[in-house]
Amino acid sequence: MTPSTDNKKIAIISCSTRVPRVNPYISTYIQSVVAPLAPSNVSFTILDIADQGLPLYDEPAVPSTFPPSDPTPHYAHAHTRAWSSVISSYDGFIFVTPQYNWSVPASLKNALDYLFYEWKGKPAAIVTYGGHGGNKAAEHLRGILGGLRMQAAATNVLLPIPVRTFMQTLQEHGKVPEDQIKVWREAGVEDRIQESLEQLVQLLQQPPAEK
Ligand SMILES: Cc1cc2nc3c(=O)[nH]c(=O)nc-3n(C[C@H](O)[C@H](O)[C@H](O)COP(=O)(O)O)c2cc1C
């Protein structure tokens, strides 16, 4: 990858919120794969939707009607202003989400709906997991990101998981165990993570889209 000179901050967004959940383990695994592959000016932070204190969407105004250059002070609620500041501080995103009933979890849609210009024009990569990898969630998320005028990396990363046993396995090992990583690696998952990351870095190097 050809590094650009500016520092770029990527949030790896943990998109489910129930307790317990698989998500933090998979987000940590994704961070462990992307961090060594990325140019040195690109940094990664795990950002957990569960920590943001967002209730079900409760803003009285439509986010896309606010001033594009500084929407943050215009939100009615402190939780939205805080979320707006957090997302404004990142240059791009890796969404790590399970598939719930053939789509994304409500927690992710809710967190996305709260904002508009904070997302608009920014690049994003899509990582999903589920019994068959969560491709329906990936395609729904791609559509939602299109509505937010984000630039999604072309390659979806799909992680098939053994749904019935995975939570217990993760709790026993404290991380995604090496034999599961081997299964994913042999199925080409890490090649797709690298491909998606390269697309994300490429998108980061383009001039920001007009608000
Ligand atoms: C409400 C709900 C709906 C689900 N729907 C699907 C589904 O459509 N396809 C699938 O492969 N797995 C589905 N699953 C299984 C999840 O992929 C699996 O439980 C995963 O661990 C959920 O991620 P989380 O632990 O981070 O919440 C569903 C799980 C839940 C809780």
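Residues numbered from 1 in each chain as written. Predicted model: local features only at pLDDT ≥ 70, side-chain atom pairs only at ≥ 80, totals over all residues. Heavy atoms only, no water.

Looking at an unreviewed UniProt entry, the protein chain carries the name NADPH-dependent FMN reductase-like domain-containing protein, with the source organism given as Entomortierella parvispora.

### Structural notes on the overall build of the protein chain
On a plain count of helices and strands, the protein chain comes out with seven helices and six strands. Taken from N to C terminus, the helices and strands of the protein chain fall in the order β-α-β-α-β-α-β-α-β-β-α-α-α. The C-alpha atoms of the protein chain give a radius of gyration of 17 Å, which matches the 17 Å a tight globule of 211 residues would have. When each of the 211 residues of the protein chain is scored for burial, the buried share is 49%. Look at the contacts in the protein chain between residues 6 or more apart in sequence, and 80% of them connect residues 24 or more apart. Surface exposure of the protein chain reaches about 10100 Å², of which carbon and sulfur atoms provide 53%. (Helix = DSSP H or I, 4+ residues; strand = E, 2+ residues; numbered from the N terminus. Rg over C-alpha atoms; globule rule 2.2 N^0.38 Å. Buried < 20%, exposed > 50% of the residue type's maximum accessible area, 1.4 Å probe, protein only. Contact = heavy atoms within 4.5 Å. Areas by Shrake-Rupley, 256 points an atom, 1.4 Å probe, with all protein chains shown as cover.)

### Here we look at unusual backbone geometry
The omega angle of the peptide bond from Val19 to Pro20 is -10°, so this bond is cis rather than trans. Its place among the elements puts Pro20 in the loop between strand S1 (8-14) and helix H1 (23-37). Residue Asn101 is not a glycine yet carries a positive backbone phi of 45°. Relative to the elements of secondary structure, Asn101 occurs in the loop between strand S3 (92-98) and helix H3 (106-113).

### Re the pattern of salt bridges
Following the criterion strictly, the structure yields five salt bridges and no others. For Lys182, the salt bridge goes to Glu186, with nearest N and O atoms at 3.3 Å. Highlighted residues: Lys182 and Glu186, both in helix H6 (residues 178-186), separated by four residues, approximately one helical turn. Residue classification places Glu186 among the exposed residues on the basis of a relative accessible area of 63%. (Salt bridge = Lys/Arg side-chain N within 4 Å of Asp/Glu carboxyl O.)

### As for H6
Turning to H6, its buried residues are Gln180, Ile181 and Trp184. Along the axis of H6, the buried positions cluster into a sector of 100°, meaning they face one direction only. Exposed positions of H6 whose direction lies more than 90 degrees from the buried face are Asp179, Val183 and Glu186. Its buried side turned inward, H6 meets H1, strand S6 (157-160), helix H5 (163-173) and helix H7 (189-205). In the segment just after H6, Gly188 is the residue with positive phi, at about 90°. (Arc of directions from axis to C-beta.)

### A few points about the environment of Pro39
Locating Pro39 in the fold gives a position in the loop between H1 and strand S2 (42-48). For Pro39 and Leu112, which are 73 residues apart along the polypeptide, the C-alpha to C-alpha distance reads 27 Å.

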